[in-house]
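Now for the letters of each chain:
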Amino acid sequence: ATKGDMHIDPLRTVAKEMKFLTGNIRQLLGSGHPSLDRVAKYYTQAEGKHVRPLIVLLMSRATALCPKNESAPASAHDSINSSISPLDILSDVNPSKPLSGYSSEPEFSESDILPSQRRLAEITELIHTASLLHDDVVDHSVSRRGSPSANFEFGNKMAVLAGDFLLGRASVALARLRNAEVIELLATVIANLVEGEFMQLKNTARDERNPAYSEEIFNYYLQKTYLKTASLISKSCRAAALLGRADAITVDAAYAYGRNLGLAFQLVDDMLDYTKSGKDLGKPAGADLELGLATAPLLFAWKTTPELGSLVGRKFEQEGDVQRARELVIQSNGIEQTRALAEDYSQRAISALDTFPDSEAKDGLIDMAMKTLKRQK
Ligand code: FPP
Ligand code: MG
Ligand code: MG
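Not measured: the values here are computed from a predicted model.

### Description of the overall build of the protein chain
If you tally the helices and strands in the protein chain, you get 18 helices and 2 strands. Taking all 377 residues of the protein chain together, 44% fall into the buried category. When contacts within the protein chain are restricted to residue pairs at least 6 apart in sequence, those whose partners lie at least 24 apart make up 78%.

This is the structure we're talking about:
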């Protein structure tokens, strides 16, 4: 479906929907308590990349053209009598603010994206943002998106509680979709994020002083990466297709796209941690080794450099370990191999869309898979 030299801007395809995203998310995060309100909305100020909602919206449009599962339940939002907007949630928690004071997109336009799918895009970003609030506490990060991290600005307690608040509001929005399968998928994502984070804290499958490299260790890393990063993207893609009442083949293809894209995305992330400066990334660079984490570039290097085993075993904790490990990784072909594996997953993501009819949205999804490899931060 790639049209040679034709320039595709995935954003343009869903620009109208994306325009309302941040505003709707901020409405979902409204709290009567001023300081909670401030911390909860903090990561919605700096412009994030909104990769996940962008993919959900593109997937919603791309799957609208695919075969339907006629017996699938319609979501509450999508029945013609439904007028549930993201704002209605606030009528319960923040009655002092008049609903008419908010602006929102028209719920029914000529767009083939359903209201429930727009809500899903917002929920996906909320869950992601909650995980970032918690992640920066766990990682002791002082910066995010070029600004002080929430934990640095407000302290750990506030950052953790704000993350919990986001998950609560995401759960309310999710329940409002009235689609049990979609609720189950996104609830599983939240559990998966924590499971991935726990696998990462333990770092390798076995705790040894001088471990030898093995395929088992690499598979553990991939499983962790799925849980930590790809689960959210893949299950959100699956949910987008389900909300559109797509047939089973399409739902599975949407999931496969998200899974492979998510894995490619994190592999690139792990590569950039070695190749970019903190200034370029807007967050600390070289952070993974400092945190004791052996990611793909190091695992590939370890294959041919057994010396790395003892450094991994003590989590790069001794004086000079981080510097030595970095040198060994850079001398090896670990970074190139990480890029090659990311390219492989990106290609698999694109292939997963083979059964989709050609469309601008499908081209947008293909472009996102290619852009994932080229991103610099
Ligand atoms: C970023 O990874 C972190 C994640 C993708 C998930 C972190 C998950 C938790 C902290 C568990 C709690 C989860 C929820 C749902 C609140 P990174 O540290 O590699 O990326 P970074 O460089 O952007 O910090
Ligand atoms: Mg982090
Ligand atoms: Mg982390």
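### Considering the site of ligand 1
Of all residues adjacent to ligand 1, which total 18 residues, the nearest are S131, H134, D135, L193 and E197. Those elements that place two or more of their residues in the shell around ligand 1 are α6 (115–138), α8 (156–175), α9 (180–202) and α10 (215–243). If you tally residues by element for the shell around ligand 1, the top one is α6, at 6 residues. Its residues assigned to classes, the shell around ligand 1 shows 8 nonpolar, 5 polar and 5 charged.

### Focus on the confidence of the model for the protein chain
Mean pLDDT over the protein chain stands at 88; residues scoring 70 or higher make up 88%. Across the protein chain, the secondary-structure element scoring lowest on mean pLDDT is helix α5 (residues 88–93), at 53, and the one scoring highest is helix α17 (residues 334–351), at 98. Taken as a whole, residues 1–5 scores under 50 in pLDDT and shows 6 contacts with residues more than four places along the chain or in a different chain. This stretch, residues 94–104, has a pLDDT under 50; its non-local contacts, to residues over four places away or in other chains, come to 14 contacts. Under the prediction, the complex receives an ipTM of 0.94, its pTM being 0.90.

### As for the nonpolar core
Formed by 94 residues in total, the largest nonpolar core has its most connected members in L58, M59, C237 and L365. When residues in this core are grouped by element, the largest group, 13 residues, is from helix α11 (residues 248–275).

### Quick word on unusual backbone geometry
Unlike most non-glycine residues, R145 shows phi in positive territory, near 50°. Topologically, R145 is positioned in the loop between β1 (143–144) and β2 (147–148). Here the phi dihedral of K315 falls at roughly 55°; this positive angle occurs in a residue that is not glycine. Considering the arrangement of structural elements, one finds K315 in the loop between α15 (308–313) and α16 (321–331).

### Overview of the environment of M59
In this fold, M59 is placed in helix α4 (residues 51–64). Residues M59 and A285, 226 residues apart in the sequence, show an inter-C-alpha distance of 32 Å. In this structure, M59 is in contact with C237, A240, A241, A254 and L365, ignoring residues within four places of it in sequence.

### A look at the packing of α6 against α10
Close contact between α6 and α10 brings their axes to 10 Å; oriented N to C, the two are set at 165°. For the element pair α6 / α10, the angle class is roughly antiparallel. α6 and α10 meet at a crossing whose hand is right-handed. Contact with α6, carried on its side by S116, Q117, L120, T124, I127 and H128, involves L232, S236, A239, A240 and L243 of α10 and no other residues of that element. Partitioned by chemical class, the residues of the contact of α6 with α10 number 6 nonpolar, 5 polar and no charged.

Criteria and cut-off values
- Residues numbered from 1 in each chain as written.
- Chains lettered and ligands numbered in written order.
- Predicted model: local features only at pLDDT ≥ 70, side-chain atom pairs only at ≥ 80, totals over all residues.
- Helix = DSSP H or I, 4+ residues; strand = E, 2+ residues; numbered from the N terminus.
- Buried ≥ 20, exposed ≤ 12 C-beta atoms within 10 Å, placed from the backbone.
- Contact = placed C-beta atoms within 7 Å.
- Near = placed C-beta within 6 Å.
- Nonpolar A, V, L, I, M, F, W, Y, C, P; charged D, E, K, R; others polar.
- pLDDT = per-residue confidence, 0-100.
- Core = buried A, V, L, I, M, F, W, Y, C linked by C-beta atoms within 7 Å.
- Axes fitted to C-alpha atoms, helices over the stretch in contact; angles between N-to-C directions.
- Parallel < 35°, antiparallel > 145°, perpendicular 65-115°, else oblique.
- Left-handed = near helix turned anticlockwise from the far one by under 90°.

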